[in-house]
Amino acid sequence: MPHIDFRKKISLARPRPYGSNLQRALESDRGRIINSAPIRRLQQKTQVFPLERNSAVRSRLTHSMEVQQVGRFIVHSIYDRLSENEKDAYGLSSLERAVESLVEIACLMHDMGNPPFGHCGEDAINRWFTKHLKELAPMQQLLQELSSETTDPIIHELCHFDGNAQAIRLVQSLHRFNLTYSQAAAVLKYTRPATERADQVPTDKNYLTKKVGYYITENSYVNSLMDELEMAKYCRHPLSYIMEAADDISYCLADLEDAVEKRILSLETLTEHLKRTFAELEPDNRPIKGKHCFDRLLDNVYQDAQNDEISPTHKFFIKLRVEMVHPLVNHASEQFTNNLEAVFNGDLNRALIEDNSQFHALAKTFKQVAINHVFNDPEVENLELQGYKIIGGLLEEYRPLLDLDTDTFQKIVRGEGRKLPVERRLFNKLSRKHVAAYEIALKEEAPVTNPTLWEFYLRCRLLQDYISGMTDQFAFDEYKTLLVSD
Ligand SMILES: Nc1nc2c(ncn2[C@H]2C[C@H](O)[C@@H](COP(=O)(O)OP(=O)(O)OP(=O)(O)O)O2)c(=O)[nH]1
Ligand SMILES: [Mg+2]
């Protein structure tokens, strides 16, 4: 086995270096993230149910805290699995606290770039740009002047807004958190630059690149991070696999618990759906390592819950979590150590728990039941349609800013837009932080040679930053305010 030394992947290096103690550096990363506005905003962002008023139902923040807990658990399980000699050989002996902290904070951060209204928020941004980008006045002009080789990657990128790429942008360009590269790399879930199409990437990296990972504005940052941590092109940081597994394990159960809390499913129908779906995926229904087979296990959990006089639902999910989280965590940690070389190199082209095992079938069962019986609930779909309307409507309202030519927009930025009363007022509503990032990027060396294209790209990004940074409630309120006359 080639040399595996985790000290190469877990280090003090950061864009603006300081200090010499790894533990203190990571404490400082923790502090900056926990005290940050993007983390606080997760409390009003959709996990599954948009604009949810029932506070017992998960927001992205409560979900992220649960992911943190599972992430920690996987780290402990990995360390328990390795002998002292192995830990020494892999450079992991003195890194347990560091790994635990990096994973916990990566888990807390993993959704911070997600827009309001969850999945449909991302989709709504991309639908709007796909439909309208080429109609915007500056783009029409650029399409006439420049070759498609120059414009295509930029168009591709602006039509592929992604919450994961936005998290990297928040870390580097919008908040300048100056995190250790190791901390940021643990959140870098996909490794494809947004200017590249999925079919341009080698097939042995197709999972790692199935979605865009980072934008052109963070390209040089990600290149430095990859150099510093010896990550090859399209490869990941090993700890990102743990963050991903913790997310998968957490939400597959939590989404169903929320559905029961919202009375979309009863415990009885949920139990039936789970049994039926698992039987389709695993017809031989073998006992789950050291436990009963899934049917029997579910029956026991269900019966126990019925005997609880105060809260059968609470009891059901506590028991189900105990029964499911342990095997799934053990499986994730086993996959991590069994595939240590590929995980270390970041070229394991799949998620840890997605290995066609019985555990994979378990996680898939929970996700499948949510897809078939929760996400398509009429109430959820109605709220999502509202989400589409709100995001699309907001972008439409801000469209006048994207129709201006560079010089006119620059006048507004300089406060000289008196003759453009609507555009000036719209501009004044944008976040100063986002505008500052736009202005800084314009002063720095441009990765795109045509200055008009680059400015227009940054202006579109500015709008995407603003809209995606909103909470569900803020987006809804803004929409009502701006469309008051309609
Ligand atoms: N309402 C609704 N929720 C969904 C749908 N599909 C997935 N979800 C939920 C399941 C999870 O709680 C959560 C996952 O959110 P993410 O946007 O982070 O997706 P995921 O982590 O699977 O993908 P990623 O690789 O991070 O882009 O969204 C859907 O079609 N409708
Ligand atoms: Mg995600």
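Since the structure is predicted, the reported quantities are computational estimates derived from the model, not experimental observations.

Student: Quick one: what's the story with the packing of helix α8 (residues 148-158) against helix α22 (residues 451-469), residue by residue and with numbers?
Tutor: Helix-helix packing is characterised by the crossing angle of the two axes and by the distance between the axes. Interhelical geometry of α8 versus α22 gives an angle of 5° and a closest axis separation of 11 Å. The pairing of α8 with α22 is recorded here as roughly parallel in orientation. In contact with Thr150, Thr151, Ile154 and Leu158 of α8, α22 contributes Leu453, Tyr457 and Cys460. Taken together, the residues of the contact of α8 with α22 break down into five nonpolar, two polar and no charged.

Student: Lay out the site of ligand 1 in plain terms, naming residues and giving numbers.
Tutor: Taken together, 15 residues lie around ligand 1, and Val48, His119, Tyr251, Asp255 and Phe375 are the ones closest in. The leading source of residues in the shell around ligand 1 is helix α12 (residues 238-261), at three residues. Of the residues belonging to the shell around ligand 1, the class tally is four nonpolar, six polar and five charged.

Student: Report on the UniProt feature "domain: HD" (unreviewed entry) in the protein, specifying residues and quantitative values.
Tutor: The UniProt feature table records "domain: HD" (unreviewed entry) at residues 60-252. Taken end to end, residues 60-252 is 62% helix and 3% strand, and its first and last C-alpha atoms sit 14 Å apart.

Student: Describe unusual backbone geometry, listing the residues and the values that go with them.
Tutor: Non-glycine residue Arg176 carries a positive phi angle of around 45°. Relative to the helices and strands, Arg176 is located in the loop between α9 (163-174) and α10 (181-185). You can call Arg176 partly exposed: it has 16 C-beta atoms within 10 Å.

Student: Any chance you could break down helix α15 (residues 312-338) for me, citing the residues and the numbers?
Tutor: In a regular helix each residue adds 1.5 Å, so 27 residues correspond to 39 Å; α15 covers 39 Å between its end C-alpha atoms and thus fits that length. Listed as buried for α15 are Phe316, Phe317, Leu320, Met324, Leu328, Val329, His331, Ala332, Ser333, Gln335 and Phe336. Among the structural elements, α3 (60-81), α12, α13 (267-281), α14 (294-306), α16 (340-345) and α17 (358-373) are those in contact with the buried residues of α15.

Student: Lay out the environment of Gly113 in plain terms, naming residues and giving numbers.
Tutor: Here Gly113 lies in the loop between α5 (96-109) and α6 (118-132). For Gly113, a count of 24 C-beta atoms within 10 Å gives the class buried. Separated by 53 residues in the primary sequence, Gly113 and Gln166 have C-alpha atoms spaced 4.6 Å apart.

Student: So what about the nonpolar core? Which residues, and what values?
Tutor: Within the largest apolar cluster, 96 residues are counted, with the highest numbers of intra-cluster contacts made by Ile74, Leu102, Val103, Ala106 and Ile242. For this core, the leading source of residues is α12, giving 13 residues. With near-sequence residues (within four places) excluded, Ile74 lies in contact with Ile242, Ala245, Ala246, Val329, Ala332 and Ser333. Counting 36 residues, the second largest nonpolar core, distinct from the first, contains Ile155, Phe161, Tyr398 and Phe427.

Student: Please provide a residue-by-residue account of the confidence of the model for the protein, values included.
Tutor: Of all residues in the protein, 99% attain a pLDDT of 70 or more, and the chain-wide mean is 95. For this predicted complex, the interface confidence score (ipTM) comes to 0.95, while the overall pTM stands at 0.96.

Student: Explain the environment of Ala437 to me, and be specific about the residues and the numbers.
Tutor: Within the secondary structure, Ala437 is located in helix α21 (residues 432-443). Placed 21 residues apart in sequence, Ala437 and Leu458 show a C-alpha to C-alpha distance of 9.1 Å. Ignoring any residue separated from it by four or fewer positions in sequence, one finds Ala437 in contact with Ser173, Leu174 and Asp465.

Rules used in this analysis
- Residues numbered from 1 in each chain as written.
- Chains lettered and ligands numbered in written order.
- Predicted model: local features only at pLDDT ≥ 70, side-chain atom pairs only at ≥ 80, totals over all residues.
- Axes fitted to C-alpha atoms, helices over the stretch in contact; angles between N-to-C directions.
- Helix = DSSP H or I, 4+ residues; strand = E, 2+ residues; numbered from the N terminus.
- Parallel < 35°, antiparallel > 145°, perpendicular 65-115°, else oblique.
- Contact = placed C-beta atoms within 7 Å.
- Nonpolar A, V, L, I, M, F, W, Y, C, P; charged D, E, K, R; others polar.
- Near = placed C-beta within 6 Å.
- UniProt positions renumbered as here; feature names shortened; annotations may be inferred.
- Buried ≥ 20, exposed ≤ 12 C-beta atoms within 10 Å, placed from the backbone.
- Expected span 1.5 Å × (residues − 1).
- Core = buried A, V, L, I, M, F, W, Y, C linked by C-beta atoms within 7 Å.
- pLDDT = per-residue confidence, 0-100.

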